[in-house]
Amino acid sequence: MADANIPVPYSFLYNSKNWESYPIGLHKKNIAKNEQAQKNTMEKVMKLLPGIKKSSKLLVLSRGNTHVAEYLAHEYMCTVDVICDTPEQAKIVEKSIASKELGEKMSVKHNKFTELMLDREHYDIAFSLGELYNEDDTLLLFKEIARSLVPEGRFFMLEIFDTFEDEVELAGYENITSMDNILRRGRRADFERVYAKALPEKSKQYYKALVEKSAENGIKGDSLARLKKLHDFAENNAIMWGFIQFQKRNI
């Protein structure tokens, strides 16, 4: 008989037809199922961060991705505020939260990411997992997030970066920039670099796995063409995913 005091593990769901709305799924030695790969990603993120408590206040930026914020609320039972870029994205997140009965721990708002006005020194950790890579200039956003963090609060990013080794021509990726540029913007926003790691080989593995499973997962037409382009960009080292963790600088 299950112990009522032990929470049921969060169940990752993955819609392969919406593959582009998820952050990179981390595979280990063998190609994992998409749900397991996403679970691996979140577990890696948690290992890189200071401990999250029930009293922690978290901020998650989302363009409709639900599992990042839901995982945090479910696993740690802490307060999670989700900010979406558009009303349509907020409705998607609200619907998913309601279906999982997480409304008591989560709130959803919509506000353009480049025009955020957040409470000062409110959040312990802010997250962007695959949400900001195509923003043209994130400096003002970084400054607002830094202002909203408590002293020594963290900002964790997992994004696609341009290596500038080859031209990336694909709608929705016109504004991606390098990891070095993001780190420079972080410094200008009073962030200190805690951790930064590029994932070129994991990126190749991730896109290869998606392409190999595209037929059985129903990825076809324009979606498959976009996937193959990203696969080729990764293979040619033109793009890569990577982790960045910032800490608010004490001034």
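Everything that follows concerns the structure shown earlier in this document.
Since the model is a prediction, treat every value here as computed from it, not as a measurement.

**Q** How would you sum up the pattern of salt bridges? Please name residues and give values.
**A** Proximity of charged atoms lets side chains of opposite charge pair with each other. This model, assessed by the stated rule, comprises nine salt bridges. Residues Asp85 and Arg63 are paired through a salt bridge, measuring 3.1 Å at the closest nitrogen-oxygen approach. With a gap of 22 residues between them, Asp85 in the loop between strand 2 (79-84) and helix 3 (87-99) and Arg63 in the loop between strand 1 (57-62) and helix 2 (67-76) connect regions that are remote in the sequence. For Arg63, a relative accessible area of 29% puts it in the partly exposed group. The partner of Lys204 in a salt bridge is Glu201, and the shortest N-O contact between them spans 3.4 Å. Pair noted here: Lys204 and Glu201 are both in helix 6 (residues 200-212), with a separation of three residues, about one helical turn. Each of Arg63, Asp85 and Glu135 takes part in a single network of salt bridges with overlapping partners.

**Q** Lay out the packing of helix 1 (residues 34-48) against helix 2 with the relevant residues and their values.
**A** Orientation of helix 1 relative to helix 2, taken along the N-to-C sense of each, is 60°, at an axis distance of 12 Å. When the axis of helix 1 is compared with that of helix 2, the two are oblique. Between helix 1 and helix 2 lies a crossing whose hand is right-handed. Within the contact between the two elements, helix 1 uses Gln38, Met42, Glu43 and Met46 and helix 2 uses His67, Val68, Tyr71, Leu72 and Tyr76. When its residues are assigned to classes, the contact of helix 1 with helix 2 shows six nonpolar, two polar and one charged.

**Q** Which residues make up the sheet that holds strand 6 (residues 191-199), and what values do they have?
**A** On the basis of which strands lie adjacent, the open sheet formed by seven strands has the order 3-2-1-4-5-7-6 and mixed pairing. The strands lining the two open edges of the sheet, one partner per strand, are strand 3 (106-110) and strand 6. Each neighbouring strand pair of the sheet contributes to a mean axis angle of 15°, computed without reference to strand direction. Each of strand 1, strand 4 (123-129), strand 5 (149-162), strand 6 and strand 7 (239-248) is contacted by helix 4 (residues 139-148), which is oriented at about 150° to strand 5, the strand it contacts most.

About the criteria used
- Here the residue numbers are simple positions, counted from 1 along each chain's written sequence.
- Local features in this predicted model are restricted to residues of pLDDT 70 or higher, and side-chain atom pairs are both shown and tallied only at a pLDDT of 80 or more, whereas totals for entire chains, interfaces and linings draw on every residue.
- Hydrogens and water molecules were not included; the side-chain quantities draw on all heavy atoms of the structure.
- Whenever Lys or Arg places a side-chain nitrogen within 4 Å of a carboxyl oxygen from Asp or Glu, that contact is recorded as a salt bridge.
- In this description a helix means any DSSP run of H or I spanning at least four residues, a strand means any run of E spanning at least two, and both kinds are numbered starting from the N terminus.
- Exposure categories follow from relative accessible area, calculated using a 1.4 Å probe and restricted to protein chains: below 20% of the type maximum is buried, above 50% is exposed, and the middle band is partly exposed.
- The axes used here are C-alpha line fits, helices contributing only the stretch in contact, and every angle between their N-to-C directions lies in the interval 0 to 180 degrees.
- An angle counts as roughly parallel when it lies under 35 degrees, as roughly antiparallel when it exceeds 145, as roughly perpendicular when it falls between 65 and 115, and as oblique in every other case.
- Crossings are assigned a handedness: left-handed for a near helix turned anticlockwise from the far helix by less than a right angle, right-handed for a clockwise turn.
- The contact criterion used throughout is that any non-hydrogen atoms of two residues lie within 4.5 Å.
- Polar here means any residue other than Ala, Val, Leu, Ile, Met, Phe, Trp, Tyr, Cys and Pro, which are nonpolar, and Asp, Glu, Lys and Arg, which are charged; Gly is therefore polar.
- At least two bridges found by DSSP between two strands is the condition for calling them paired.

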